[in-house]
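# Observations on chain architecture
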Amino acid sequence: MTTDAPDAWKRWHEQRVETVSAPYGPLALTATHWIEDYPEGRLPDIPGIWATDGAGVVLTAAEADGLTVDGRPFTGGLPLTADDGPQAASRVALGRKRLFVLVREGVWGVRVYDPEAAARRAFRGVEATPYDPRWSVPGRYTPYDGPRTVRVGHADGRERGLALAGELAFTLAGRERTLQVARQGDGRLWAVFADATSGVTSFRFRFLHPAAPDGDGRTTVDFNRAQLPPCAFAEHFICPFPPPGNTLDLAVPAGERALT
C-alpha cells in the first residue's frame, strides 16, 4: 500500500458523492420509457410524438409542447440518434428536465432527468467502508480469444446480452478467484459482481472498474472502490445482474455499500 492510498480513496469517495448528486446525476433519473411500449408515440408526462424509424427516433412537436432542441425552441419533426452523454448535454429538454435518447439491443427509449427529483432532494450520502489495504490486491487480466456475450437479467426485469472481454484473476483471503469482465473504451475493465454481503449489508450487487491492464495483463483489483450501480440510486436504470461465476463466496465489506 502506498502511504497516500487512504487519502486517495477519500478523494475518490468525495468525488463519487459529488457525481451521483449532481443536477443530472443518477439521482435525477425519474423515468425510462421504451418507445415500443407506446405505439401512439405519447410517452407519459412527456410532450411531443416519439416514434422510431429503425435507425433512430423521430420527434414531432408543436410550439405548445414547450420542448427545446440544442437550447432553442423546437417545432416540427426531427430525427434523433442516441445521446452520447453527459446527460446534462442531451439535445432535447423540457424546462430544466433533460430528455435523454438511448438504445439497447435495437430498442429505443427516452430517459427523463429532473434536477428536482425527490431522490436527489432526499439524498444524504453514500455509505462506504474506509480504506483497508487487505481489499486491494494484484490482478491479472486474460482476454478471451474473441468477444463473448452472455444473457443476463437486468434490473428492469428484462434479459439482455452482456459483452465480456476476458477474465480477471486475483488472490483474496488466501484463494485465487476470478471475475468475468468487460473492457471499456478507455481500456479500463468493468466487472458486475456480488458477494456474501450482497442484499444483506450492501446492495444486491456492485460494479468494479479496475485500471487498464499493462502489456502483461497486470492491474490492481481494489474492492475499496467497489461502486453502487446506478439502479441503487434510481429504479429506472436497467443495470445488468452479475454474470455466471461473478458471485464471490466470501464477504467483501469494502467500498460503497448503500445509500445513507
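Throughout what follows, the structure given in this document is the object of discussion.

About the cut-offs
- Residues numbered from 1 in each chain as written.
- Predicted model: local features only at pLDDT ≥ 70, side-chain atom pairs only at ≥ 80, totals over all residues.
- Heavy atoms only, no water.
- Pairing = 2+ DSSP bridges.
- Helix = DSSP H or I, 4+ residues; strand = E, 2+ residues; numbered from the N terminus.
- Axes fitted to C-alpha atoms, helices over the stretch in contact; angles between N-to-C directions.
- Phe/Tyr/Trp six-rings, centres within 6.5 Å; stacked < 30°, edge-to-face > 60°.
- Buried < 20%, exposed > 50% of the residue type's maximum accessible area, 1.4 Å probe, protein only.
- Lys NZ or Arg CZ within 6 Å of the ring centre and 35° of its normal.
- Contact = heavy atoms within 4.5 Å.

### Description of the sheet that holds strand β6 (residues 76–80)
Hydrogen bonding along the main chain pairs the strands of a sheet, whether they run parallel or antiparallel. If you walk across this open sheet you meet the three strands as β2-β3-β6, and the pairing is antiparallel. Pairing within the sheet leaves two strands with one partner each, and these edge strands are β2 (49–52) and β6. With strand direction ignored, the average angle separating the axes of adjacent strands in the sheet is 20°. Judged from the four bridges that link them, β2 and strand β3 (residues 57–61) form a sheet pairing that is antiparallel. Bridged to W50 within β3 is L59.

### A look at the packing of aromatic side chains
Counted by the stated rule, this structure contains eight aromatic pairs. Ring geometry for F205 against F241: centres 5.5 Å apart, planes inclined by 70°, an arrangement best described as edge-to-face. On the criterion of sequence distance, the pair formed by F205 in the loop between β14 (189–193) and β15 (206–208) and F241 in the loop between β16 (218–222) and β17 (255–259) is long-range, its members being 36 residues apart. A residue is classified by how much of its surface remains accessible, and F241, at 25% relative accessible area, is partly exposed. Taken together through their ring pairs, the aromatic side chains of W190, F203, F205, F207 and F241 make up a single cluster. Sitting over the face of the ring of Y144, R148 holds its NZ or CZ atom 3.7 Å from the ring centroid.

### Describing the environment of E63
You can see E63 is positioned in the loop between β3 and β4 (67–69). The exposed category is assigned to E63, whose relative accessible area is 71%. Taking C-alpha positions, E63 is 36 Å from A155, a pair spaced 92 residues apart along the chain.

### Things to note about the environment of Y38
Following the sequence through the fold, Y38 ends up in the loop between β1 (29–34) and β2. A residue is classified by how much of its surface remains accessible, and Y38, at 26% relative accessible area, is partly exposed. Spatially, the C-alpha atoms of Y38 and P143 are 41 Å apart, while their sequence positions differ by 105 residues. Contacts of Y38, omitting those with residues within four sequence positions, involve H33, L43 and P44.

Geometric descriptors of this kind do not, in isolation, establish any biological role.
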